[in-house]
Amino acid sequence: MPTRHPRRSRPGARRPARRTPQRRRYARTRRQRQRDRQVFVLGAGVLGIATLWFVVAWLVTHLWAMVMVGAVAVVAATWFVNQNRQRQAWNRVQQQALRYELPQLDALGHRDFEYAVRDLMRRDGCTDARQVGGSGDNGADVLATDPHGRTWVIQCKHRRAGDHGKAIGTPDLQRVNGTARQIHGADVVLVVTNGRFSSRCAPLAQQLHMHLADRRMLAAWAAGSRPLWELLPKIPAPRAGN
């Protein structure tokens with residue numbers, strides 16, 4: 001009989017790798033995790049459907065509960081709306097009753113003085129009045145729109161010593177005038193102070209179509225009930241439609 005020679009492996013051919021027990025255990029563990037994950041997802045889906053079915057069935061047989069929940073929601077919403085309206089009405093009453101005496105204004109810091117001017121504008125019906133003074137304010141401390149549609153840009157100048165402090169000079173007027181109309185679209189440009197203006201301010205303000213409220217004007221406005229546009233002379237006419 002011819003002698004059989006053992007088959008030689010071809011160069012470069014690899015024998016199939018045998019799975020070691022460790023690899024077989026790893027493969028079984030991975031398949032088990034996949035099956036467990038599928039069972040969990042299936043169980044969660046079945047549980048969710050069962051819960052939804054139970055809730056729907058319960059609501060169908062207990063319509064009174066839905067009616068009660070709806071009634072409670074309506075009552076709560078009505079109470080909330082009424083409370084909000086009462087709060088707004090009370091805020092309007094407080095704003096309308098707002099008064100400041102000059103010693104109160106003198107005792108304020110500069111920032112609080114800006115807030116006081118804002119609150120006085122709100123008292124007079126400028127519901128959108130806001131304090132904007134600070135870094136990068138472009139010359140405006142308070143912005144407001146009056147009930148006649150006019151946009152106010154107000155620069156506030158507070159003096160701790162009142163009219164005994166340093167007078168407000170023309171550079172302050174020029175600073176706010178340079179930005180009030182171009183940036184803020186002002187109809188009324190106002191500089192208000194609890195102090196005094198230098199003698200050169202009034203002619204310049206007239207030339208620039210600006211308005212000044214000195215200590216005397218501020219006292220009449222803050223302690224009275226008339227809005228500022230009824231106290232200042234030559235206020236622009238209301239905007240069309242207002």
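Residues numbered from 1 in each chain as written. Predicted model: local features only at pLDDT ≥ 70, side-chain atom pairs only at ≥ 80, totals over all residues. Heavy atoms only, no water.

Trainee: Outline the pattern of salt bridges, supporting the account with residue identities and numerical values.
Mentor: One pass over the full model with this rule turns up eight salt bridges. Taking the shortest distance from any N to any O, the salt bridge between D106 and R215 comes out at 2.7 Å. Here D106 is found in helix α3 (residues 102–106), whereas its partner R215 is found in helix α7 (residues 215–223), with 109 residues between them in sequence. For R215, a relative accessible area of 18% puts it in the buried group. Its salt-bridge partner being R175, residue D172 comes within 3.0 Å of it at the nearest N-O pair. Within this pair, D172 and its partner R175 are both found in helix α5 (residues 170–180), separated by three residues, close to a single helical turn. By relative accessible area, D172 is classed as buried at 16%. What you see here is one network of salt bridges that share partners, running through K157, D172 and R175. (Salt bridge = Lys/Arg side-chain N within 4 Å of Asp/Glu carboxyl O. Helix = DSSP H or I, 4+ residues; strand = E, 2+ residues; numbered from the N terminus. Buried < 20%, exposed > 50% of the residue type's maximum accessible area, 1.4 Å probe, protein only.)

Trainee: Break down the layout of surface pockets for me, with residues and values.
Mentor: Computed from the structure, the largest pocket encloses a volume of approximately 420 Å³. Taken together, 17 residues form the lining of the largest pocket, with Q206, M210, H211, L212 and P233 sitting closest to its centre. Broken down by secondary-structure element, the contributors of at least two residues to the lining of the largest pocket are α6 (201–208), β5 (211–213) and α7. When its residues are assigned to classes, the lining of the largest pocket shows nine nonpolar, three polar and five charged. (1 Å grid on protein atoms, 1.4 Å probe; cavity = no way out; pocket = protein on both sides within 12 Å on 5 of 7 lines; lining within 4 Å. Points joined across faces, edges and corners; volume = space filled by probe spheres on them. Nonpolar A, V, L, I, M, F, W, Y, C, P; charged D, E, K, R; others polar.)

Trainee: How would you summarise the pairing of strand β2 (residues 142–145) if you had to cite specific residues and measurements?
Mentor: Across two bridges, strand β1 (residues 130–131) lies against β2 in antiparallel orientation. Bridged to R130 within β2 is L143. As paired elements, β2 and strand β3 (residues 151–157) share four bridges and run antiparallel to each other. Residue V142 lies in a different strand from β3, and its bridge partner there is I154. Joining the antiparallel neighbours β2 and β3 is a turn of five residues, in which G149 adopts a positive phi near 85°. (Pairing = 2+ DSSP bridges.)

Trainee: Report on the sheet that holds β1, specifying residues and quantitative values.
Mentor: Read from one edge of the open sheet, five strands run β1-β2-β3-β4-β5, paired in mixed fashion. Each edge of the sheet is formed by a strand with only one pairing partner; in this case those strands are β1 and β5. Strands β1, β2, β3 and β4 (188–193) of the sheet are contacted by helix α4 (residues 110–123), whose axis makes an angle of about 150° with β3. (Contact = heavy atoms within 4.5 Å. Axes fitted to C-alpha atoms, helices over the stretch in contact; angles between N-to-C directions.)

Trainee: I'd like to hear about the pairing of β4, residue by residue, with values.
Mentor: The element β4 is largely enclosed, with a buried count of six among its six residues. Along β4, one buried face is formed by V188, L190 and V192 and the opposite face, lined by V189, V191 and T193, is buried too. Strand direction decides the pairing type here: β3 and β4, joined by six bridges, are parallel. Bridge pairing in β4 links Q155 to V191. This β-α-β element, β3 to α5 to β4, shows right-handed connectivity. The pairing of β4 with β5 spans three bridges and is parallel. (Right-handed = clockwise from strand over helix to strand, strands pointing away.)

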